[in-house]
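Spelled out from the first residue to the last, the chains are:
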Amino acid sequence: MIIVYGSILIALFSFIIGIAIIISKRTLIMILIGAEFTLNSVNLLFIAFSKLHSNAIGQIFVIFTLTVAAIEIAVGLSIAVLLYRKHKIKSIEDLKELKR
Amino acid sequence: MIFILLFPVLSSLILILFGRYLNKKIVSLFSPISILIPFIIGIMNFDKAGDNIIYHIYRWISIGNINIEFALKWDHLSAAMVLMVTGVSFLIHVYSIGYMAEDKSYPRFFAYMNLFTFFMLVLVLSSNIIMMFVGWEGVGLCSYLLIGFWFEKESAAKAGMKAFIVNRIGDLGFLIGIFWILYVVRSADFIKINSFVSSGLMPVATATIIGLLLFAGATGKSAQIPLYVWLPDAMEGPTPVSALIHAATMVTAGVYMIVRLNGIYSLTPTASMVVAVVGVWTAFYAATIALTQTDIKKVLAYSTISQIGYMVFAAGIGAYGAAIFHLIMHAFFKALLFLGAGSVIHAMGGIQDMRKMGGLKKYMPTTFYTFLIAGLAISGVPGFAGFFSKDEILANSYFMNHRILWIIGIMTALLTALYIFRLIFMTFYGEPRMDKEVQYHIHESPKTMTIPLIILAVLSTIGGYISLPEFISKHSLWKSYMDKIIVFKKEILFTHTTEINLTLLSSFIAILGIFIAWYLYVKNTGLPDKLSNKFKFFHKLSYDKYYIDEIYEFVFINPVVYGSEGIYQWFDIAVIDGIVNGSGKFSLYSGNLLSYFQSGFLKDYIYHIITGAILILTIFVLGL
């Protein structure tokens, strides 16, 4: 039981850390890392609750999210790299294209 | 039995998908054999046809208590049609090997031909009227594809479109007729329809309307007045196509449909009379046009319209057996005529104008003699196929007291002999009128082309003996064969002396027609020009096909074209485009307006998302 509650706590902390990174950092790479943090904390929660309810479905879900996350980070990273190469953009302050 | 359908469609699919990778030899072996197999299956099962077998394949549509089966009907009518379709189709496939040898789209041609044969088999084998409609439309599609086979030529592409659109008009009536039958009978099955009719449940007025609506479809497919205009233009396609689709099989589908639903037509004298009058009128009318045409294939096209007119006439007066008999005999000799014409065109290097031919007899003897047999058969010279079949139609009309129609029929027989022998004399006799270059290249066609000609010539000679006139043999083979599929049998009294006189009369008429043709085009070659100068008005009327195409253009096509142009101008551009552009502009402006609430910085959005999430979560957790 302690392991379960411990993991829930760890997940909570890492989620908050991820959010904090996303809010505070300006470089695209750091924001992506923050997003990964939040994602993996959710995965951890999945596993913890699956253990708590002794139900394997949560663990299966983790496998799925991991694959999707891998793809997502590949796309995100390539966008970040391309933005830097083409427009020399490192900070999100320079991203003003959303408003014309 | 399902294999009858399977082989042509599989072969067609393979040729469409992989045809371009296949060797020409494989294609030319593969495609005819896939038609030969159904023919053999048909012959093997021929004796079973008397049992009216239904082969269920699967339940196709099921709405309420109307069930439409995908089933094959094997009775005397469909068996005869299947043998005719596959047999003639096989011969024409073999012929095409030689005729199309130099064409670059060789596999495509055979793919379409196989597909056509498949749909034709669906049409004649169907056990219900919906499935028949599938075949009916399928053959229309293949006809379109094959008329426009040389689509690089604009006239061919246009002719294909014309055939398709004119058929659509007739098919609209056909479809409404089908729906009406479904509504009244609550079934599409031919057996159910016929038993419904024979039990007297169908009111005569309903039968009349249904009969006329279905006949509208038949006028389109079988090229009758007023929808025949597509058939002469359809000659743009390759000649084997004209032989198979526009002479032997597809265009007779309308006659087949009337005979298949003979119960409905027997019930209604009005609709039957319309059918008969349209038929005999078409027969006469098309024959007068065929008299003056100079394109060898156009003459044959109008001849086909005229002969189908005979069949429709027979079906209209209730001589269903005679109609199908003439249909099959016509398939033999008209396919032969077209293939012979194809052989001539092949030798002439693509020239179709008869004024540039002449004297071909000594260059291509096989083509000439087979063509001559077909000519004798179509004009009704005693002993040949057309004599028996045409005579039976005329005798039936005489004994059923349709005397006026009978007289027109006899006159048409005279014109038939005249125009077909005009064609033969202009093409094969007299002095060669072509250029020296062309004349040098004239040659007899290859074996693959002449052998089908010979087989068809044999069939056009002996085919007629399955139905001898009553005064020769008491029990006509064909009559007892066809009696099985007729719902309302009626006995007509044939008096033998009168019948013999009629036979003598029609033989005399045929020989008279040939004699006139001989006198005009061999003996006294200057006379036709003099005559046409003297009767300039009639000659021009016939030569320009009574200006029907121009009248249709003026009355129907132009109003549609200019009307649509007008609608396009004020409705499409003003209203439809206005709505579409307006909705686009609306979102553009509203988006512009809303963008004042946006900062455009990524950071702000993240803040908003997170605060929003936290807000929702707190509300949720605190249970507010």
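Notes on the structure follow. (Residues numbered from 1 in each chain as written. Chains lettered and ligands numbered in written order. Predicted model: local features only at pLDDT ≥ 70, side-chain atom pairs only at ≥ 80, totals over all residues. Heavy atoms only, no water.)

A few words on the overall build of chain B. From N to C terminus, chain B includes 26 helices and 2 strands. Principal-axis analysis of the C-alpha atoms gives chain B an extent of 110 × 65 × 50 Å. Taking all 624 residues of chain B together, the buried fraction comes to 55%. The contacts in chain B between residues at least 6 apart in sequence include a share of 81% that link residues at least 24 apart. About 27,000 Å² of surface is accessible on chain B, with carbon and sulfur atoms providing 70% of the total. Computed over 42 positive and 34 negative side-chain charges, the separation of the two mean positions in chain B equals 4 Å. (Helix = DSSP H or I, 4+ residues; strand = E, 2+ residues; numbered from the N terminus. Buried < 20%, exposed > 50% of the residue type's maximum accessible area, 1.4 Å probe, protein only. Contact = heavy atoms within 4.5 Å. Areas by Shrake-Rupley, 256 points an atom, 1.4 Å probe, with all protein chains shown as cover. Lys, Arg positive; Asp, Glu negative; His and termini not counted. Charge placed at Lys NZ, Arg CZ, Asp CG, Glu CD.)

Contact residues are listed per partner, giving 13 residues for chain A and 13 residues for chain B. On the surface where chain A and chain B come into contact, there are 0 salt bridges. For the interface between chain A and chain B, the tally reads 0 residue pairs in polar contact (both at pLDDT 80 or more). Here the side of chain A that touches chain B is built from residues that sort into 6 nonpolar, 1 polar and 6 charged. (Salt bridge = Lys/Arg side-chain N within 4 Å of Asp/Glu carboxyl O. Polar contact = N/O pair within 3.5 Å; in protein donor to acceptor, adjacent residues only side chain to side chain. Nonpolar A, V, L, I, M, F, W, Y, C, P; charged D, E, K, R; others polar.)

Across soluble globular proteins, you tend to see nonpolar side chains buried next to one another. Formed by 199 residues in total, the largest nonpolar core has its most connected members in Leu214, Tyr228 and Met257 of chain B. The residues touching Leu214 of chain B, leaving out its near neighbours within four places in the chain, are Ile129, Gly173, Phe174, Gly177, Ile178, Ile181, Met257, Leu261 and Tyr265 of chain B. Ranked by size, the runner-up nonpolar core spans 12 residues in total, among them Leu28, Ile31 and Leu32 of chain A together with Ile606 of chain B. (Core = buried A, V, L, I, M, F, W, Y, C linked by side-chain atoms within 4.5 Å.)

Residue and element names in this part refer to chain B. Going through the model one piece at a time under the given rule, you end up with 33 aromatic pairs over all chains. With centroids separated by 5.6 Å and ring planes inclined at 70°, the aromatic side chains of Tyr228 and Tyr285 adopt a geometry described as edge-to-face. Of this pair, Tyr228 sits in the loop between helix H8 (204-221) and helix H9 (230-233) while Tyr285 sits in helix H13 (residues 269-290); the two residues are 57 residues apart in sequence, bridging distant segments of the chain. The class for Tyr228 is buried, based on a relative accessible area of 4%. On the numbers, 5.8 Å between centres and 35° between planes, the contact of Phe515 with Trp518 is tilted. Here the residue Phe515 and the residue Trp518 both occupy positions in helix H22 (residues 496-523), the gap between them amounting to 3 residues, near one helical turn. We classify Phe515 as partly exposed; its relative accessible area is 46%. Its relative accessible area of 34% is what places Trp518 among the partly exposed residues. (Phe/Tyr/Trp six-rings, centres within 6.5 Å; stacked < 30°, edge-to-face > 60°.)

The next thing to look at is the side chain of Asn128 of chain B. All names here are of chain B. By secondary structure assignment, the location of Asn128 is in the loop between helix H4 (106-125) and helix H5 (129-147). Look at Asn128 and you get buried, because its relative accessible area is 2%. At 2.6 Å, the side chain of Asn128 and the backbone oxygen of Glu69 are in polar contact. Within the structure, Asn128 has its side chain in polar contact with the backbone nitrogen of Met131 (distance 2.8 Å). Excluding residues that lie within four positions of it along the chain, Asn128 makes contacts with Ile68, Glu69, Ala188, Asp189 and Phe190.

Quick look at the packing of helix H10 (residues 239-248) of chain B against helix H15 (residues 320-347) of chain B now. Residues and elements named next belong to chain B. Where H10 contacts H15, the axes come no closer than 9 Å and their chain directions differ by 160°. Taken together, H10 and H15 sit at an angle that is classed as roughly antiparallel. Both H10 and H15 take part in a crossing whose hand is right-handed. Judged by residue contacts, Thr239, Pro240, Ser242, Ala243, His246, Ala247 and Ala248 of H10 engage His330, Ala331, Lys334, Ala335, Phe338, Leu339, Gly342 and Ile345 from H15. Residue composition of the contact of H10 with H15, grouped by class: 9 nonpolar, 5 polar and 1 charged. (Axes fitted to C-alpha atoms, helices over the stretch in contact; angles between N-to-C directions. Parallel < 35°, antiparallel > 145°, perpendicular 65-115°, else oblique. Left-handed = near helix turned anticlockwise from the far one by under 90°.)

Honestly, it's all geometry; don't read function into it.
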